[in-house]
Amino acid sequence: MTARANVLVTLAPKMAVVFVGFLIAGMGITVLPIHVSSDLGFGTFVIGLITGSQFCASLMTRLWAGDFADRKGPKKAVILGLSLAAAAGALYLASLITISQPVWSAAILVAGRGVLGAGESLIITGSVAWGLATVGSQHSGKVIAWIGTAMFGALAAGAPIGSALFAMQGFAAIAAATILLPLLMAAMVAPLEPVSGRSSPSASRLSVIRAVLLPGLGSAFASLGYGSILAFSSLLFIDRQWADGWLAVTSFATALVASRILLGHLPDRLGGPVTALVFAFVEAIGLVTMGLASQPIVALAGAALVGFGYSLVFPGFGIAVVRAAPPENRGMAMGLYSACLDVALAFSGPVLGLVGDHAGLPAIFLASGAIVSLATFVALLIMRRARVPAA
C-alpha cells in the first residue's frame with residue numbers, strides 16, 4: 001500500500017497536467033458547435049471541420065510528440081504542450097475579434113483546434129513518458145492506467161464546466177480559460193525535477209513500429225467498444241423507448257474510473273497481456289449484454305461491464321509496448337500506441353453506423369462485442385511469442 005501511495009504521489013503532477021490539458025479540450029467540444037452555429041451561422045459541415053481538426057492534428061503529431069519527449073526530455077514536451085494549448089486559447093480570442101467576418105473567424109478556429117491537438121499529443125505522451133521515467137517500468141501499468149483516468153475524468157468534467165462558462169460569458173470565457181489554465185499548470189510543474197532526453201542513438205523507427213504493432217492492434221479492437229458506447233448507446237435507448245440514455249455513458253465511465261483506481265495495479269502484478277485477455281473478454285460480454293438487453297437496467301449493467309473491461313485493456317497492452325520498445329524510444333512508442341486509439345475511434349463511428357443502418361442498433365453492440373473479442377486472440381499471441389526464445 002505504501003509503495004502504491006508513493007507511486008501515486010509521484011504521478012500526481014503528471015496526472016494534473018493531463019487533467020488540465022483535456023479539461024480545456026472537453027470544454028471546447030461541448031460549446032463549439034453552438035458557437036459556430038449560432039454566432040457564426042455555419043452548418044454541420046463546418047462544425048465537423050472545426051471540431052475534427054483537433055483529432056486530425058493529434059493523430060498526425062503523436063509520433064513526433066513521442067520522439068520530441070525522447071530527445072528533449074518529457075518535461076520539455078509537457079511544457080511545450082501546455083504552451084501550445086494556451087496559444088490555442090489565443091487563437092480562440094482572435095477568432096472572436098474577426099467574428100464580423102465568419103469565414104475568417106472559422107478559419108482561425110480550425111487553426112486553434114489544430115494547435116490544441118498538437119498540444120494534447122505532447123501533453124499526454126510527455127506525461128506518460130515522464131511518469132515511466134520517474135517511477136520505473138515495473139509500474140508501467142499504473143502509469144498508463146492512472147494517467148488515462150485523469151484524461152477520462154477531464155473530458156467528463158469539461159462538458160458541464162464548458163457549458164457553465166459559455167452560459168455566463170459566451171465563447172470568450174472558453175478562450176480565457178484555455179489560455180489561463182495551461183499557463184498556471186506550466187508554472188506549477190516548472191520547479192519539478194526534469195528527466196534528461198536520450199543520450200544513446202535512437203533505435204530505428206521500424207523497431208518501434210514492431211514493438212507497437214500487435215499491442216496496438218489489440219488496443220484498437222478493444223477501443224471499438226468505447227466508441228460504440230460514446231456514439232450509439234443513447235440512440236439504443238431512444239430506439240428501445242427507454243428514458244435517460246445518458247446513463248449508459250455515465251455507467252461506462254463510472255465503472256472505468258473505479259476499476260482503474262482500485263485495480264490499476266493488476267497489469268503490473270499479473271502481466272499486461274494476461275490482464276488484457278481477461279478484461280477484453282469482460283468487455284465483449286458487456287457489449288453483447290447491451291445488444292441483447294430487453295430492459296434498461298440490463299443495458300446499463302452491460303455498459304458498466306464494458307467500462308470495467310475496457311479500463312485495463314489499454315494499460316494491459318500498453319505494458320507489452322513498454323517491455324518490447326527500445327528504452328530510448330519509449331516516448332515515441334507510447335505516442336504511436338496512443339494513435340491506435342485515435343484510429344479506432346475515427347473509424348468505429350462510420351463503420352458501426354453502417355452495421356446499424358442495415359441490421360438495427362442492437363446489432364452494433366453485438367458486432368462490437370465480436371470485434372472486441374479479437375483482442376483476446378491478440379493477447380494470446382503476445383503471450384505465446386513471449387514464451388518463445390529469440391533465435
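Conventions we followed
- Residues numbered from 1 in each chain as written.
- Predicted model: local features only at pLDDT ≥ 70, side-chain atom pairs only at ≥ 80, totals over all residues.
- Heavy atoms only, no water.
- Helix = DSSP H or I, 4+ residues; strand = E, 2+ residues; numbered from the N terminus.
- Buried < 20%, exposed > 50% of the residue type's maximum accessible area, 1.4 Å probe, protein only.
- Contact = heavy atoms within 4.5 Å.
- Areas by Shrake-Rupley, 256 points an atom, 1.4 Å probe, with all protein chains shown as cover.
- Patch = residues over 30% accessible without salt bridge, like charges linked within 9 Å, V, L, I, M, F, W, Y side chains within 5 Å.
- Salt bridge = Lys/Arg side-chain N within 4 Å of Asp/Glu carboxyl O.
- Axes fitted to C-alpha atoms, helices over the stretch in contact; angles between N-to-C directions.
- Parallel < 35°, antiparallel > 145°, perpendicular 65-115°, else oblique.
- Left-handed = near helix turned anticlockwise from the far one by under 90°.
- Nonpolar A, V, L, I, M, F, W, Y, C, P; charged D, E, K, R; others polar.
- Phe/Tyr/Trp six-rings, centres within 6.5 Å; stacked < 30°, edge-to-face > 60°.

**Student:** Before we move on, can you summarise the overall build of the chain with the specific residues and values?
**Tutor:** Looking only at helices and strands, one finds 13 helices and zero strands in the chain. Reading the chain from its N terminus to its C terminus gives the helix and strand order α-α-α-α-α-α-α-α-α-α-α-α-α. Taken over 391 residues, the chain has a buried fraction of 54%. A sequence separation of at least 24 residues applies to 85% of the contacts in the chain between residues at least 6 apart. Approximately 16,200 Å² of the chain is accessible, and the part contributed by carbon and sulfur atoms is 72%.

**Student:** Residues and numbers for the side chain of S368, please.
**Tutor:** Looking at the element boundaries, S368 is found in helix α13 (residues 361-387). Those residues in contact with S368, other than ones at most four positions away along the chain, are L224, S228, L287 and L352.

**Student:** How would you sum up a nonpolar patch on the surface? Please name residues and give values.
**Tutor:** A cluster of nonpolar side chains, L59, V343, F347 and V351, forms an exposed patch at the surface whose accessible area comes to about 340 Å². With three residues, the top contributor of residues to the nonpolar patch is helix α12 (residues 330-359). Note that F347 resides in helix α12. The class for F347 is exposed, based on a relative accessible area of 54%.

**Student:** Please give an account of the packing of helix α3 (residues 74-97) against helix α4 (residues 102-135) that cites residues and values.
**Tutor:** Between α3 and α4, the shortest axis-to-axis distance is 7 Å and the interhelical angle comes to 165°. Comparing their axes, α4 and α3 come out roughly antiparallel. Taken as a pair, α3 and α4 cross one another with a handedness that is left-handed. The residue makeup of the contact of α3 with α4, split by class, is 22 nonpolar, seven polar and two charged.

**Student:** Account for the environment of A324, naming residues and giving values.
**Tutor:** For A324, the position within the fold is in helix α11 (residues 296-324). Here A324 falls in the partly exposed class, since its relative accessible area comes to 49%. Expressed as a C-alpha distance, the spacing of A324 and R210, which sit 114 residues apart in the sequence, is 8.5 Å.

**Student:** Residues and numbers for the environment of V313, please.
**Tutor:** Inspection of the secondary structure puts V313 in helix α11. Considered as a pair, V313 and E283 are 30 residues apart in the sequence and their alpha carbons are 8.9 Å apart. Setting aside residues no more than four positions away along its own chain, V313 makes contact with A222, A276, F279, A280, E283 and Y337.

**Student:** For the packing of aromatic side chains, give the residues involved together with the corresponding values.
**Tutor:** Overall, the coordinates contain seven aromatic pairs when judged by the stated rule. Here Y226 and Y310 contribute two aromatic rings whose centre-to-centre distance is 5.6 Å and whose plane-to-plane angle is 20°, an arrangement assigned as stacked. Taken together, the residues Y226 in helix α7 (residues 205-239) and Y310 in helix α11 connect sequence positions 84 residues apart. Of the two residues examined, Y226 and Y310, each falls in the buried class. The interplanar angle of 40° and the centroid separation of 5.3 Å between the aromatic rings of F279 and F308 together place this pair among those described as tilted. Taken together, the residues F279 in helix α10 (residues 272-292) and F308 in helix α11 connect sequence positions 29 residues apart. On the basis of relative accessible area, F279 is assigned to the buried category, the value being 7%.

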